[in-house]
Each structure stands twice: as structure tokens, then as C-alpha cells.
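Below are the chains, spelled out letter by letter.
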Amino acid sequence: MEAEIKLKLEQLHARVDALKDQINTEEATKNAFVMPFIQILGYDIFNPTEVIPEFICDIGTKKGEKIDYVIKIDGEPILIIECKHWKENVDAHNSQLHRYYHVSKSRFGVLTNGHIYNFYTDLEKPNIMDEKPFFTLDLSNLKDTSLKILEKFTKNGYNLESILDSAEGMKYIKAIRNEFEKELKEPSDEIVKLLVNRFFEKTITASRLATFKDYTIKAFANSINESINFRLKNALNINESIPVKTEQNSPTIDENINQPKFITTEEEIEASQIVKAILREKLPSTRIAFRDTQSYFGILLDDNNRKPICRLHFNSNNKFIELFNKGKDNGEKKLLNSLEEIYNFKSELLETVAQYE
């Protein structure tokens, strides 16, 4: 079931990417993107007793207020959906859904722009929608955990108790993660003192606290960087004799040097796996090496800087692959709308390798 949903959502994401520049209204967003999503969940968009568009929802003295969609099972509303234009930031528009939720009988509300879906419920106060979603589905970043949650909202898999049982955990795990990530970037005095007091027996003065805060930032970065590099080695099945390296002017972190200015990301790992899969047609894996730098993620032949195969530039909003099939001194960047587009450059990658043989 999850595999089927994932395939359909990937196809929907491709549709969104292909059509979004031609979608100029909120109504068009609903028709082109949101209705297919509802259909993927197994609901009959042509059955007005199951999927009700423009559902009238009177709010106090305001009559004729309408929710974009109400989904019902056995005549009972289970989900209300409010839609925005695909360019809108859904996080900034939950007040309208909040009003609708208050007068609806549904336990769940969705706010969407057609590619991001925020799911809300009432964990804080009964019948009053929480300010923050307990679950967010991003079509451009489908995760197995997200698919498991989404399956519970399908027509055949809907289970109110099961969703509510896990909703609180999802909500607070997300909140804890957000706080944790804040601490990683800028540790608070409280977290520094908590850690340092476990091994440092002297009084922590203001100057010592500032020093320990700097040490804490470096320790966090060191731990994360080592963990990611370990995962990278395992994901790519790299031989220990050819480790993933950083450039010589960007050494591995320890407690005595400055915090690194780059971290290998999951997208870089996934993209490098795609490149490796292409190159394995002509090369053994032991000849494919990887180096992460502040500016790019490099893929080399024989771990030789003079033999660049390609470079991944993923440090901005747009992602590029730099190709060297026209010579190692004539790198050419190509825009990537998705990682799968790397496969479109198979001939260029293999041509580059052939130049070095």
C-alpha cells in the first residue's frame, strides 16, 4: 500500500513541477493539484456525499462561509481541507482553517498549497485547532515515516484512534527536534551548564561559560560531521583504503580547531549514489572517490584532484551538477530540478571518465 501511494505521490509531484508555472489561481491549484491528492487517498472526488467542495460553514454571525473541501466517511466528516495558491506559504495562513475547524465536527484539518500539506488536530484544547501542525507532508521530500502516517488518512486505512494515539508524539517530537536544532546552532547557557557540570567541578564564571559555549559548538559539529561521514561511507560502500576526504585546507574537526563550515547532506549522499550507479557500468567502486568541500561535493576518478568526474553544487536554493566532459578546465554547470535528472547526464559522465583512461 505504501509503495503504491509513494509512486502516485511522486507522479503528482512531477505533475506539480511541470504545471505550476501555468497555474495562476487558487482555483486552478485545487483542480490541478489538490483534487488528485484527495483521489490518491482513495476518496471519490466525483461523489458529493464523500468529497464535498465549497462546504458551507456558518461562523457566528458570518453566514455562507465555505471550506474548500470536506471529506466524509459513512456520512461523518473526518477531514476539512483549505487550499491556497501554490506560491503561498501555507504556514502563514492557518487562521482561516482555525475558524472553520472550530465549527466543524472533524478532528483533522489540512492546509495546503498543493505541494505541502499541513495536518492539524486539537491536542491542546478540545475542538480548538492547535496553532502548529502535528504532521507535514512535502511532496518533494517523501519519507517512509510520512507515508506510514498518510496511509492512516486513506479511505481504506482511516483509523481515528490510531491517528490520535500517534499525533501527540509526532507533534512533540517535532517540537523537541526544533529546539534541539536551535541548540546545535547556538547552545543556550542552560544546555552548556548542564553538560559541563557533569565533568567540570569548578565554578563556571561568565568568561568560562563563553569558552565552554565555543567548545560545545565545536563538539556538536565534530560529532555530527563524524556521524554523517560514517553514514556516507556505508551508504556508498567505500573501501577503507579510499576514504571520503575533505580538501587539505579543510581538515577534520577536533576539539582544538575551528568549527567546520560545511556538512555532507543527505541529498549529496543520494546524488553521489546515483553518479556511482552510472559509473559502475565502466568502473569498479574502488576507483570512485568523494571529497566534500565548503563550495561543492566532488566526485573524482582514482581519488585524483586532476581527474574530476563531476561536482555537486547543493549549497543554495538551486541545485547544479558541474560536468567536465569538455575538459577538466571547462566545467559546465547544469540545473537540477530533481536528483533523478542526474541520470540525464549519463553520457557526459561516462565521456568524462573515458578522457582519463
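Up top is the structure these notes are about.
Keep in mind that what you see is a predicted model, and the values were worked out from it rather than measured.

*Asks:* Can you help me understand the pairing of strand β2 (residues 66–73) in this one?
*Replies:* Of all eight residues that make up β2, six are buried, and the element is covered over most of its length. Examined bridge by bridge, strand β1 (residues 51–56) and β2 share five bridges and lie antiparallel to one another. The partner of I56 across the bridge, within β2, is K66. Here β2 runs beside strand β3 (residues 76–83); their pairing, made up of five bridges, is antiparallel. The partner of K72 across the bridge, within β3, is P77.

*Asks:* Just checking my understanding: could you explain the environment of K87 for this structure?
*Replies:* With respect to the helices, strands and loops of the structure, K87 is situated in the loop between β3 and α3 (94–103). For the pair formed by K87 and I23, sequence separation is 64 residues and the distance between their alpha carbons is 9.5 Å.

*Asks:* Can you help me understand unusual backbone geometry in this one?
*Replies:* The phi torsion of most residues other than glycine is negative, and most of the peptide bonds are trans. Of note, the phi angle at D302 is positive, near 60°, even though the residue is not glycine. Considering the arrangement of structural elements, one finds D302 in the loop between β9 (297–301) and β10 (308–313).

*Asks:* I tried to follow the pairing of strand β11 (residues 319–323) on my own but got confused; where do I start?
*Replies:* Moving residue by residue along a regular strand, the side chains alternate between the two faces of the sheet. Of all five residues in β11, four are buried; the element is thus mostly enclosed. Taken together, the four bridges between β10 and β11 define a ladder with antiparallel strand orientation. Along β11, the bridge assignment pairs R311 with E322. From the end of β10 to the start of β11, which pair antiparallel, there are five residues. Bridge count between β11 and strand β12 (residues 332–336): five bridges; the pairing is antiparallel. Bridge pairing in β12 places E322 opposite K333.

*Asks:* Sorry if this is basic, but what is going on with the pattern of salt bridges here?
*Replies:* For side chains bearing opposite charge, pairing can occur when the charged atoms are close. With the rule as written, the count across this model stands at 21 salt bridges. Two residues, E4 and K8, come together in a salt bridge whose shortest N-O distance is 3.2 Å. Of this pair, E4 and K8 both sit in helix α1 (residues 2–19), four residues apart, which is roughly one turn of that helix. Of the residues examined, E4 reaches a relative accessible area of 43% and is grouped as partly exposed.

*Asks:* Before we go on, may I ask you to explain the side chain of T112 in this structure?
*Replies:* Looking at the element boundaries, T112 is found in strand β4 (residues 109–112). Within the structure, the side chain of T112 is placed 2.9 Å from the backbone oxygen of I116, a separation counted as a polar contact. In contact with T112, not counting residues within four places along its chain, are V34, I81, E82, C83, K84, V90 and Y117.

*Asks:* Help me understand the packing of α1 against helix α2 (residues 26–40) in this model?
*Replies:* How two helices sit against one another is set out by the angle between their axes and by the gap between those axes. At a minimum axis separation of 10 Å, α1 and α2 run at an interaxial angle of 175°. Between α1 and α2, the angle is such that the two are roughly antiparallel. Only A32, F33, P36, F37 and I40 of α2 make contact with α1, whose side of the interface consists of I5, K8, L9, L12, R15, V16 and L19.

*Asks:* What am I meant to see in the sheet that holds β1 here?
*Replies:* Taken together, six strands build an open sheet; the order of strands is β1-β2-β3-β4-β5-β6 and the sheet is mixed. Of all the strands in the sheet, just β1 and β6 (135–138) have a single pairing partner and so form its edges. Averaged over all adjacent pairs, the angle separating strand axes in this sheet is 25°, with direction ignored. The pairing of β4 with strand β5 (residues 116–120) spans four bridges and is classified as antiparallel.

*Asks:* What should I look at first to understand the nonpolar core in this one?
*Replies:* For soluble globular proteins, nonpolar side chains are generally found buried alongside one another. Core analysis: the largest hydrophobic core is formed by 39 residues, its most contacted members being L9, I38, I81, F134 and L137. At the level of elements, α1, α2, β2, β3, β5, β6, α4 (144–151) and α5 (160–185) are the ones that each hand at least two residues to this core. For this core, the element with the highest residue contribution is α2, accounting for seven residues. Listed in part, the 26 residues of the second largest apolar core include V275, I288, L301 and I342.

*Asks:* Got a minute to help me understand the environment of E151 in this structure?
*Replies:* Residue placement: E151 occurs in helix α4. For the pair E151 and L41, spaced 110 residues apart in the sequence, the C-alpha separation amounts to 7.7 Å.

*Asks:* How do you make sense of α4 when you look at a structure like this?
*Replies:* Residues spaced three or four apart along an α-helix point in a common direction, a consequence of the helix completing one turn every 3.6 residues. Regarding α4, the residues found buried are S146, L147, I149 and L150. Angular distribution of buried residues about the axis of α4 spans 160°; they occupy a single face of the element. Where α4 is buried, its residues contact α1, α2, β5, β6 and α5.

*Asks:* What am I meant to see in helix α9 (residues 346–356) here?
*Replies:* Listed as buried for α9 are E348, L349, L350, T352, V353 and Y356. Looking at the buried residues of α9, the elements they touch are α8 (266–279), β9, β10 and β11.

*Asks:* What should I look at first to understand the packing of α1 against α4 in this one?
*Replies:* Following both chains from N to C, one finds α1 and α4 inclined at 105°, their axes separated by 10 Å at the closest point. Regarding the angle of α1 to α4, the classification is roughly perpendicular. Residues E2, I5, K6 and L9 of α1 touch α4, and the partners they reach there are D144, L147, K148, L150 and E151. Partitioning the contact of α1 with α4 into residue classes produces four nonpolar, no polar and five charged.

Thresholds, definitions, all that
Each chain carries its own residue numbering, running from 1 in the written order of its sequence. Local features in this predicted model are restricted to residues of pLDDT 70 or higher, and side-chain atom pairs are both shown and tallied only at a pLDDT of 80 or more, whereas totals for entire chains, interfaces and linings draw on every residue. The side-chain numbers reported here are obtained from all heavy atoms of the structure, hydrogens and water having been left aside. Here the term buried applies to any residue with accessible area under 20% of the maximum for its type, exposed to any over 50%, and partly exposed to those in between, with areas from a 1.4 Å probe on protein chains only. Runs of H or I in DSSP of at least four residues are treated as helices and runs of E of at least two as strands, each being numbered from the N terminus. In this scheme, strands are said to pair when DSSP sees at least two bridges between them. Salt bridges are counted wherever a side-chain nitrogen of Lys or Arg sits within 4 Å of a carboxyl oxygen of Asp or Glu. Polar contacts, as used here, are pairs of N or O atoms within 3.5 Å; protein pairs need one atom able to donate a hydrogen and one able to accept it. Residues neighboring in sequence count only if both atoms are side-chain atoms. Contacts are assigned to residue pairs with any non-hydrogen atoms lying within 4.5 Å of each other. Fitting a line to C-alpha atoms yields each axis, with helices limited to the stretch in contact; the angle taken between N-to-C directions then spans 0 to 180 degrees. Should an angle fall under 35 degrees it is called roughly parallel, over 145 degrees roughly antiparallel, and 65 to 115 degrees roughly perpendicular, with every other angle called oblique. Nonpolar cores were defined as sets of buried Ala, Val, Leu, Ile, Met, Phe, Trp, Tyr and Cys residues, with membership established by side-chain atoms within 4.5 Å. The arc under discussion is defined with respect to the helix axis, by the directions toward the C-beta atoms. All amino acids are sorted into three groups, where Ala, Val, Leu, Ile, Met, Phe, Trp, Tyr, Cys and Pro are nonpolar, Asp, Glu, Lys and Arg are charged, and the leftover types, Gly among them, are polar.

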